[in-house]
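Each chain, written out:
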Amino acid sequence: MPVKQEPNIYEELRERLRSARHVFALTGAGVSAESGVPTFRGGGDTTVWKGMPFDVISSAGMLARDLPAVWEWFDYRRGVLGHCQPNAAHTTLARWQDSFPRFTLVTQNVDGLHAAAGSRDVLELHGNAWRARCLGCGWREDVRHLDADERPPVCRACGEAMRPDVVLFGEMLPAGVFEEAAMRASECDLCFVVGTSAIVYPAAALPAEARRAGAYLVEVNPEPTPLSEICDMTIRGLAGEILPRLEF
Ligand code: APR
């Protein structure tokens, strides 16, 4: 039985990881797919809810029209997320935070699985489904500390209604988070794009920022994306299987 040659790409990437000064990783829903979190554009049961496409129920318009319905949708999503554990992709990225002179983890995910895996200082571009934010004073609170029967929850600081602390369709990203991510992307020398369809902006602009600064770009995704053509390397496969193979 001939010995199977491990693709050189892994050895080449380990070599790049060993000499990297600043590693930057951008993740999307695909990094949590192996944890049981449905992706948005991969079909499945979170793309339509009560007959509404996710980008309708998860929108600024719905928030203005029917805040309790938006809470019901996020209560449902937390019901799904509550059964999900970080997978090997999350744990590998958590280990990487102490493996380089600099490491930046930026996610589009609101599932909190990176933090659950031990990642610190995650730049959450789209907020976090486990957090609520006051519509009046901006006070933030972990949803698990709020009365689950009170919908919408009432702010303990000012008595106003609270909303999920998630960026909804038609809304701007939280001030400063994207700018911080873009600055760090422009300072990295190795950039991983993991599990994103790369069609939602401004998040999808970050890898091009890293590229412009001369970083080596690696995409990990079973499917091609609009970013594939600007990547130096694309690895077609599952993040939970591929990232652990990059231990160095
Ligand atoms: N490993 C790696 N990639 C995967 C895996 C996996 N196990 N499973 C699926 N993928 C890839 C899919 O091929 C797809 O390209 O992950 C991507 C998921 O794409 P989307 O569902 O579009 O998710 P994402 O790119 O994160 O969406 C961006 O859009 O809906 C909004 O705010 C929401 O943050 C989200 C944003």
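Structural data are supplied above this passage.
Residues numbered from 1 in each chain as written. Predicted model: local features only at pLDDT ≥ 70, side-chain atom pairs only at ≥ 80, totals over all residues. Heavy atoms only, no water.

In this structure the tally under the stated criterion is 22 salt bridges. Note that R131 and D165 form a salt bridge whose closest N and O atoms lie 2.7 Å from each other. Here R131 is found in strand β6 (residues 127-134), whereas its partner D165 is found in strand β8 (residues 162-166), with 34 residues between them in sequence. The partly exposed category is assigned to R131, whose relative accessible area is 25%. For D165, a relative accessible area of 4% corresponds to the buried category. Of the charged contacts, one joins R133 and D165 as a salt bridge, the two residues approaching to 2.6 Å between their closest N and O atoms. (Salt bridge = Lys/Arg side-chain N within 4 Å of Asp/Glu carboxyl O. Helix = DSSP H or I, 4+ residues; strand = E, 2+ residues; numbered from the N terminus. Buried < 20%, exposed > 50% of the residue type's maximum accessible area, 1.4 Å probe, protein only.)

This paragraph deals with the packing of aromatic side chains. Tallying each qualifying case throughout the model produces eleven aromatic pairs. Ring geometry for W49 versus W73: centroids 5.7 Å apart, planes at 50 degrees, classification tilted. Within this pair, whereas W49 is found in strand β2 (residues 48-49), its partner W73 is found in helix α5 (residues 67-81), the two being separated by 24 residues in sequence. Comparing W49 with W73, the two get one shared label, buried. With a centroid separation of 5.4 Å and an interplanar angle of 20 degrees, the aromatic rings of F100 and F248 are classed as stacked. On the criterion of sequence distance, the pair formed by F100 in the loop between α6 (88-96) and β4 (102-107) and F248 in the segment after α10 (239-242) is long-range, its members being 148 residues apart. Of the residues examined, F100 reaches a relative accessible area of 9% and is grouped as buried. Classification of F248 as partly exposed rests on a relative accessible area of 37%. Clustering of aromatic rings is evident, with ring pairs tying together W96, F100, F103, F192 and F248. Sitting over the face of the ring of Y216, R16 holds its NZ or CZ atom 3.5 Å from the ring centroid. (Phe/Tyr/Trp six-rings, centres within 6.5 Å; stacked < 30°, edge-to-face > 60°. Lys NZ or Arg CZ within 6 Å of the ring centre and 35° of its normal.)

Moving on to the site of the ligand. Residues in close proximity to the ligand total 21 residues, the closest being F40, R41, T196, S197 and N221. Between the ligand and the protein, one listed contact pairs an oxygen atom with a backbone N or O atom of G195 at 3.3 Å. In this structure, a nitrogen atom belonging to the ligand sits 2.9 Å away from a main-chain N or O atom of A239. Starting from 730 Å² of accessible surface for the ligand in isolation, the protein chains cover 90%. In terms of residue class, the shell around the ligand is made up of nine nonpolar, nine polar and three charged. (Near = heavy atom within 4 Å. Polar contact = N/O pair within 3.5 Å; in protein donor to acceptor, adjacent residues only side chain to side chain. Areas by Shrake-Rupley, 256 points an atom, 1.4 Å probe, with all protein chains shown as cover. Nonpolar A, V, L, I, M, F, W, Y, C, P; charged D, E, K, R; others polar.)

On the basis of which strands lie adjacent, the open sheet formed by three strands has the order β7-β6-β8 and antiparallel pairing. Looking along the sheet, the strands with just one partner apiece sit at the ends: β7 (140-142) and β8. When strand polarity is set aside, the average angle formed by the axes of neighbouring strands in this sheet is 40 degrees. (Pairing = 2+ DSSP bridges. Axes fitted to C-alpha atoms, helices over the stretch in contact; angles between N-to-C directions.)

In short, geometric facts, not functional conclusions.
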